[in-house]
Amino acid sequence: MEVKVRSGSGEPLLGDRDPVGFAAECERAGAPCLSVVTGRWFGGTPALLREVSRGTALPLLRKDFIVRESDLDDSAAWGADAVLITPGVLPSGVLGGLVEGALRRGLTPFVEVTSAAQVDAVPHAGECVLAVNNKDIGDRERGPADLDRSRRLLAALRSAGTPCPVSASGLDDPAAAAALLAAGYAALLVGSGVLRAGARRWAADLRAARGSAGAALEAKPGRIPGGFEPGR
Ligand SMILES: O=P(O)(O)OC[C@@H](O)[C@@H](O)c1c[nH]c2ccccc12
């Protein structure tokens, strides 16, 4: 589940809720980890991550446009356990250094892809969480989500060897999210849907959609290097 102040098109999502209180609500609803969007386009700040990290014991993913090694140091200092790495927006030649730099620091690389070519180019994929972004970050996620992208790319994610294939973005409908877990995803990243419906409501609807109480949030990833353990 994700703490995000507003959408890429400016829709308020967190509203006047306290981020630490919202994180606690996610934890109670069964979220195994949290994403905190520090990117400015989405109203995020470093202070948001620091605040959430002081208020929760859940592993945290920093969602932002990480482009240089110093961003990795900042992320660790602000309390992140995992960092978003987005090959689609990186200058060529820096992907490998960022993945290795994250691993060296004990940060889990959470690599977000949108095509099979991007999956194939991820170095050390067996040590990364690989996530298919169902939206396009190039347009600040203002366009519609394409959940078929997750279906199409699951086999590529698996053969790349990631211990934790994730489907991310646009999972507003718990039934559609349940279908992706049934298709073989180990975990989901849900921001807007959870922020709009409330964590408890969204998780209850996911459990109902999966048909067996309690099974809904039991993602079963393999062992993930770094401090981020979405399945614990
Ligand atoms: O709100 P959604 O559609 O559930 O999406 C969550 C998350 O995937 C999204 O916030 C995101 C995906 N990639 C990003 C990069 C930066 C900031 C945010 C993001």
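Residues numbered from 1 in each chain as written. Predicted model: local features only at pLDDT ≥ 70, side-chain atom pairs only at ≥ 80, totals over all residues.

Rules: UniProt positions are given in the numbering used here, feature names are shortened, and annotations may be inferred rather than shown by experiment.
As recorded in an unreviewed UniProt entry, the chain goes by indole-3-glycerol-phosphate synthase and comes from Actinokineospora bangkokensis. The UniProt entry for the chain carries this comment under Pathway (unreviewed entry): "Amino-acid biosynthesis; L-tryptophan biosynthesis; L-tryptophan from chorismate: step 4/5."

1. Thoughts on the sheet that holds strand 2 (residues 34-37)
Heads up, the rule is: The criterion for strand pairing is that DSSP finds at least two bridges linking the strands in question. Helix and strand assignments come from DSSP, with helices taken as H or I runs of at least 4 residues and strands as E runs of at least 2, each series counted from the N terminus. Contact between two residues is assigned whenever their backbone-derived C-beta positions fall within 7 Å. Simply put, an axis is a line fit to the C-alpha atoms, just over the touching stretch for a helix, and the angle between two N-to-C directions goes from 0 to 180 degrees.
Spatially, the eight strands line up as an open sheet ordered 1-2-3-4-5-6-7-8, and their pairing is parallel. Strand pairing shows two members of the sheet lacking a second neighbour, strand 1 (2-3) and strand 8 (187-189), which therefore form its edges. Two elements, strand 3 (residues 60-63) and strand 4 (residues 82-85), share two bridges in a ladder whose sense is parallel. When the sheet's bridge partners are listed, arginine 62 is paired in strand 4 with valine 83. Lying over the sheet, helix 4 (residues 95-104) contacts strand 4 and strand 5 (108-113), oriented at roughly 175 degrees with respect to strand 4.

2. Details of the site of the ligand
Operational definition: As used in this record, a residue near a molecule or strand is one whose C-beta atom, placed from the backbone, is within 6 Å of it. Residue polarity is assigned by list, with Asp, Glu, Lys and Arg as charged and Ala, Val, Leu, Ile, Met, Phe, Trp, Tyr, Cys and Pro as nonpolar; anything else, Gly included, falls into the polar class.
By nearness alone, 21 residues border the ligand, and Lys63, Ala168, Ser169, Gly191 and Ser192 come closest of all. Class assignment for the residues of the shell around the ligand results in eight nonpolar, seven polar and six charged.

3. With respect to the pairing of strand 3
Rules: Residues with at least 20 neighbouring C-beta atoms inside 10 Å of their own are called buried, those with 12 or fewer are called exposed, and the rest are partly exposed, where every C-beta is derived from the backbone. Look down the strands so they point away from you; if the path from the first strand over the helix to the second goes clockwise, the crossover is right-handed.
Alternating positions in strand 3 separate into two faces, Leu60 and Arg62 on one and Leu61 and Lys63 on the other, with burial throughout. Relative to strand 3, strand 2 is paired through four bridges, and the arrangement is parallel. Bridge assignment links leucine 34 to a residue of strand 3, and that residue is leucine 60. For the handedness criterion, the β-α-β arrangement of strand 2, helix 2 (residues 46-55) and strand 3 is classed as right-handed. Viewed along the sheet, the connection from strand 3 through helix 3 (residues 69-77) into strand 4 turns out right-handed.

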